[in-house]
Amino acid sequence: KPLAFEPTASAVHPDDGRLWLAVDEQVFVIDAAMLPPTIDILPSPVGGIIDMAVDMTHRELVVLGDDGLAVIDFDDGNIRAYDQQATPSGLRGVATNATGGVHAVAADCLYTRLAGDAAAWTKLAGCNANTFPITATAEVLTMEIIGQYVYVSMAEEGVIRYDTASSTSSVWSSANVLHSDQVTAIVEMGSQILFGSEDAGVARYNPSLNLWQATWSSANWLTDDEINGLEVIGSDLWVLAGASIQR
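The rules behind each value
- Residues numbered from 1 in each chain as written.
- Predicted model: local features only at pLDDT ≥ 70, side-chain atom pairs only at ≥ 80, totals over all residues.
- Heavy atoms only, no water.
- Helix = DSSP H or I, 4+ residues; strand = E, 2+ residues; numbered from the N terminus.
- Rg over C-alpha atoms; globule rule 2.2 N^0.38 Å.
- Buried < 20%, exposed > 50% of the residue type's maximum accessible area, 1.4 Å probe, protein only.
- Pairing = 2+ DSSP bridges.
- Axes fitted to C-alpha atoms, helices over the stretch in contact; angles between N-to-C directions.
- Salt bridge = Lys/Arg side-chain N within 4 Å of Asp/Glu carboxyl O.
- pLDDT = per-residue confidence, 0-100.

## What about the overall build of the chain?
Within the chain, the regular secondary structure consists of zero helices and 23 strands. The C-alpha radius of gyration of the chain comes to 18 Å, within 12% of the 18 Å expected for a compact globule of 247 residues. Here the C-alpha coordinates of the chain stretch approximately 45 × 45 × 30 Å along the principal axes. Among the 247 residues that make up the chain, the fraction classed as buried is 47%.

Now the structure itself:
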């Protein structure tokens with residue numbers, strides 16, 4: 001019997017391609033390689049799931065919920081909550097950096113837990129309403145950590161680029177350098193950072209040159225301007241443009 005649901009977040013197992021889908025207070029684990037394909041359901045120990053992020057350093061899937069942080073082990077598939085602590089209000093998104101540190105967007109700023117067993121969330125040093133200008137009602141569409149920068153995409157508002165080294169930020173939108181205010185995917189490919197949007201294709205930024213390059217869209221090689229996914233595998237970029245997969 002078909003299932004109808006709307007996931008709040010998704011991620012892919014880096015080893016075997018299992019798909020994790022966050023649905024309310026559960027994580028669906030879809031394994032299409034099994035015969036027959038299977039769906040396991042893991043109950044969330046941290047309430048309603050807000051976002052998820054892959055942590056390659058610790059081989060875990062980080063699950064951000066209303067009540068704190070949980071992880072799913074890559075190898076045994078079990079989910080467990082960290083010891084619960086005072087959770088910042090208004091949590092909206094989570095990402096991990098190259099060393100496995102966890103950053104989350106809250107109502108007032110960026111918070112971090114540098115290790116899974118850290119005692120509490122800590123607001124990033126220097127982060128305040130001036131250095132991280134997120135509005136109270138902003139919906140986080142996606143966030144990524146690339147080098148020292150945290151990129152946070154907000155619905156209808158563009159992207160905040162926060163520099164963790166200098167505690168400064170830039171807001172990119174269609175009013176200045178960005179091709180769309182609805183960025184739903186951010187990935188790094190070689191020397192470029194790619195921004196996939198709901199309505200205007202893929203913008204390309206070269207941070208080393210501080211240069212925006214020509215946007216990929218239906219005006220050149222993409223079949224659709226609605227970008228539903230970007231994934232870098234090896235040296236290849238896979239783009240889900242509309243209902244078509246392009247490489």
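Still to come is the rest of the account.
## Some remarks on unusual backbone geometry
A negative phi angle is the norm for most residues apart from glycine, just as the trans form is the norm for most peptide bonds. Despite not being glycine, Asp24 has its phi angle at roughly 55 degrees, a positive value. Residue position: Asp24 is located in the loop between strand E2 (19–23) and strand E3 (26–31). What makes Asp24 exposed here is its relative accessible area of 56%. In this model, Arg59 sits at a positive phi of 50 degrees, which is unusual for a non-glycine residue.

## Here's the deal with the sheet that holds strand E6 (residues 60–65)
In spatial order, the strands read E5-E6-E7-E8; together these four strands make up an open sheet with antiparallel pairing. The sheet terminates laterally at strand E5 (49–55) and strand E8 (79–81), the two strands that pair on one side only. With direction set aside, neighbouring strand axes in the sheet form an average angle of 25 degrees.

## Considerations on the pattern of salt bridges
Proximity of charged atoms lets side chains of opposite charge pair with each other. Applying the stated rule across the entire model yields six salt bridges. Among the salt bridges present, the one from Arg18 reaches Asp16, with a minimum N-O distance of 2.9 Å. Across the pair Asp108 and Lys123 runs a salt bridge whose closest N-O atoms are separated by 3.2 Å. Taken together, the residues Asp108 in the loop between strand E10 (102–105) and strand E11 (110–113) and Lys123 in strand E12 (residues 122–123) connect sequence positions 15 residues apart. Owing to a relative accessible area of 34%, Asp108 belongs among the partly exposed residues under this scheme. Each of Asp15, Arg59 and Asp75 takes part in salt bridges that share partners, so that together they form one network.

## Some words on the confidence of the model for the chain
Summarising the model, the chain shows a mean pLDDT of 89, and 96% of its residues fall at 70 or more. Of all helices and strands in the chain, the one with the weakest mean pLDDT is E11 (85), whereas strand E19 (residues 202–206) scores best (97).

## Notes on the side chain of Ser217
Checked against the element boundaries, Ser217 lands in the loop between strand E20 (211–216) and strand E21 (227–233). Overall, Ser217 belongs to the buried group, its relative accessible area being 13%.

## Describing the environment of Leu91
For Leu91, the location among the structural elements is in the loop between E8 and strand E9 (93–96). The class for Leu91 is buried, based on a relative accessible area of 11%. For the pair formed by Leu91 and Ala106, sequence separation is 15 residues and the distance between their alpha carbons is 4.2 Å.

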